[in-house]
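Fold and geometry: a report
Below are the chains, spelled out letter by letter.
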Amino acid sequence: MRNVVLMGLPDSGKAAVGKAAAKLLRRPFFDSDAMGEKESQQTLVRLRAEKGGAVIALGSDAVLQPELMELLRGDGLLFFLDRNTGKAGTAADKQHAKLCRRYADVTLTGGTVPELAETVVTMMEMQGEEL
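All of these numbers come straight from a predicted model, not from anything done at the bench.

Another point: the overall build of the protein. Assigned secondary structure in the protein consists of 5 helices and 5 strands. Mapped from its N terminus to its C terminus, the protein presents α and β elements in the order β-α-β-α-β-α-β-α-β-α. Across the 131 residues that make up the protein, the buried fraction comes to 47%. Restricting to contacts in the protein with at least 6 residues of sequence separation, those with at least 24 account for 78%. Surface accessibility of the protein: about 6800 Å² in total, with carbon and sulfur atoms responsible for 51%.

This is the structure we're talking about:
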């Protein structure tokens, strides 16, 4: 079972969409922003070993770690919540958005939290994932 990985700039709704999608998919939810860096890394390693499928909201700095992103890409479907890049005024925000686009399998640009969660579920179904 593949993980659902949500990426985006701060305040893009990663945690809210992640929680809603996890509920619909009946999978555990992990918010790497809510964990310490060490705990977050240990959780990702454990998820890779278990192959149980989870919904993961990544902290925006995760895209700055190419090795981590390639590991996540191997085990999951990566979604970029491109909901606030119009507000990406700083160079750092623009770089983060560019990296999110590079790694994303799917880019979601609009909609409410429930609509985005439903889209995540639909995309997982289209990928042949067990729900």
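Now that the structure has been shown, we can carry on.
Note on placement: glutamate 129 falls in the segment after α5 (113-126). The spacing of glutamate 129 and asparagine 3 is 126 residues in sequence and 9.8 Å in space, taken between C-alpha atoms. Residues in contact with glutamate 129, not counting those within four places in the same chain, are Met1, Arg2, Arg27 and Met124.

So, about the sheet that holds strand β4 (residues 76-81). Across the sheet, 5 strands lie side by side as β2-β3-β1-β4-β5; this open sheet has parallel pairing. Edge positions in the sheet fall to β2 (29-31) and β5 (106-108), since each has one partner strand and no second. Averaged over all pairs of adjacent strands, the angle between their axes in this sheet comes to 20 degrees, without regard to strand direction. For strand β1 (residues 3-7) and β4, the ladder comprises 5 bridges, and the chain directions are parallel. Residue pairing across strands places valine 5 opposite leucine 78, the latter belonging to β4. The sheet contacts of helix α1 (residues 14-25) involve β1, β2, β3 (55-57) and β4, and relative to β3 the element is tilted by about 175 degrees. Sitting on the sheet, α5 is in contact with β1, β4 and β5, with an inclination near 150 degrees to β4.

Turning our attention to the packing of α1 against α5. Close contact between α1 and α5 brings their axes to 8 Å; oriented N to C, the two are set at 50 degrees. Overall, the two elements α1 and α5 adopt an arrangement that is oblique. Taken as a pair, α1 and α5 cross one another with a handedness that is right-handed. Side by side, α1 and α5 meet where Ala16, Val17, Ala20, Ala21, Leu24 and Leu25 of the first sit next to Val113, Leu116, Ala117, Glu118, Val120 and Val121 of the second. Tallied by class, the residues present in the contact of α1 with α5 amount to 11 nonpolar, no polar and 1 charged.

What counts and how
- Residues numbered from 1 in each chain as written.
- Predicted model: local features only at pLDDT ≥ 70, side-chain atom pairs only at ≥ 80, totals over all residues.
- Heavy atoms only, no water.
- Helix = DSSP H or I, 4+ residues; strand = E, 2+ residues; numbered from the N terminus.
- Buried < 20%, exposed > 50% of the residue type's maximum accessible area, 1.4 Å probe, protein only.
- Contact = heavy atoms within 4.5 Å.
- Areas by Shrake-Rupley, 256 points an atom, 1.4 Å probe, with all protein chains shown as cover.
- Pairing = 2+ DSSP bridges.
- Axes fitted to C-alpha atoms, helices over the stretch in contact; angles between N-to-C directions.
- Parallel < 35°, antiparallel > 145°, perpendicular 65-115°, else oblique.
- Left-handed = near helix turned anticlockwise from the far one by under 90°.
- Nonpolar A, V, L, I, M, F, W, Y, C, P; charged D, E, K, R; others polar.

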